[in-house]
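For reference, the chains in residue letters:
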Amino acid sequence: MPLRIVRSDAAPKAIGPYSQAVRAGDFVFCSGQIPIDPATGELKLYDGDAAEQARLVLENLKAVLAADGLTLRDVVKTTIYLSSMDDFARVNEVYASYFGDHRPARATIEVARLPKDADVEIEAIAYAGR
């Protein structure tokens with residue numbers, strides 16, 4: 001099965017040797033997004049406000065998906081990484097506002113540290129076989 005790299009100028013460029021997303025057959029595997037402003041390339045920590053970071057992360061994820069003609073409704077699995085589970089409820093509210101009644105499988109994990117000291121990172125797998 002050939003792999004195809006998915007790129008979006010509306011999302012932050014990868015900060016390492018990886019792709020924003022890779023399409024493998026009918027699935028698109030999106031790399032984790034952190035709150036980087038795609039226009040400036042700057043990390044936006046919003047004074048530690050994980051909910052605001054989650055909004056930017058989800059906007060970036062939407063941009064990556066759109067580059068392959070997909071939306072959040074095509075997402076079948078997400079993984080949320082948080083620097084503190086104390087932020088779970090607020091990030092969950094933002095997440096729910098983006099996904100609405102669509103409920104992909106999900107895991108949420110507290111980690112010791114995220115790239116660039118962000119408080120939120122979200123990765124996703126989407127199904128493009130419709």
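Rules used throughout
Residues numbered from 1 in each chain as written. Predicted model: local features only at pLDDT ≥ 70, side-chain atom pairs only at ≥ 80, totals over all residues. Heavy atoms only, no water. Helix = DSSP H or I, 4+ residues; strand = E, 2+ residues; numbered from the N terminus. Expected span 1.5 Å × (residues − 1). Buried < 20%, exposed > 50% of the residue type's maximum accessible area, 1.4 Å probe, protein only. Arc of directions from axis to C-beta. Contact = heavy atoms within 4.5 Å. Polar contact = N/O pair within 3.5 Å; in protein donor to acceptor, adjacent residues only side chain to side chain. Pairing = 2+ DSSP bridges.

Colleague: Even after reading the chapter, I still don't get helix α2 (residues 88–99), so can you show me in this structure?
Modeller: Relative to the 16 Å expected for 12 residues at 1.5 Å per residue, α2 spans 16 Å between its end C-alpha atoms, a close match to the ideal helical length. Listing the buried residues of α2 in full gives V91, V94, Y95 and F99. One face of α2 carries all of its buried residues, which in axial projection span an arc of 130°. The outward face of α2, more than 90 degrees from its buried face, is lined by the exposed residues E93 and S97. For α2, the secondary structure elements touched by its buried residues are α1 (50–66), β4 (75–82), β5 (105–110) and β6 (120–127). The positive-phi residue at the C-terminal boundary of α2 is G100, with phi of around 55°.

Colleague: I would appreciate a short explanation of the side chain of N60 in the present structure.
Modeller: If you trace the backbone, N60 turns up in helix α1. On the accessibility criterion, N60 (1% relative accessible area) is buried. Here I34 takes part through its backbone oxygen, which lies 3.4 Å from a polar atom of the side chain of N60. When near neighbours in sequence (up to four residues on either side) are disregarded, N60 contacts A11, P12, Q33, I34, I36 and P38.

Colleague: Any chance you could explain the pairing of β6 here in plain terms?
Modeller: Put simply, side chains in a regular strand alternate between the two faces of the sheet. Looking at chain direction, strand β3 (residues 27–33) and β6 are connected through five bridges and run antiparallel. The residue of β6 that forms the bridge with F27 is Y127. With seven bridges joining them, β4 and β6 adopt antiparallel strand pairing. The partner of L82 across the bridge, within β6, is V120.

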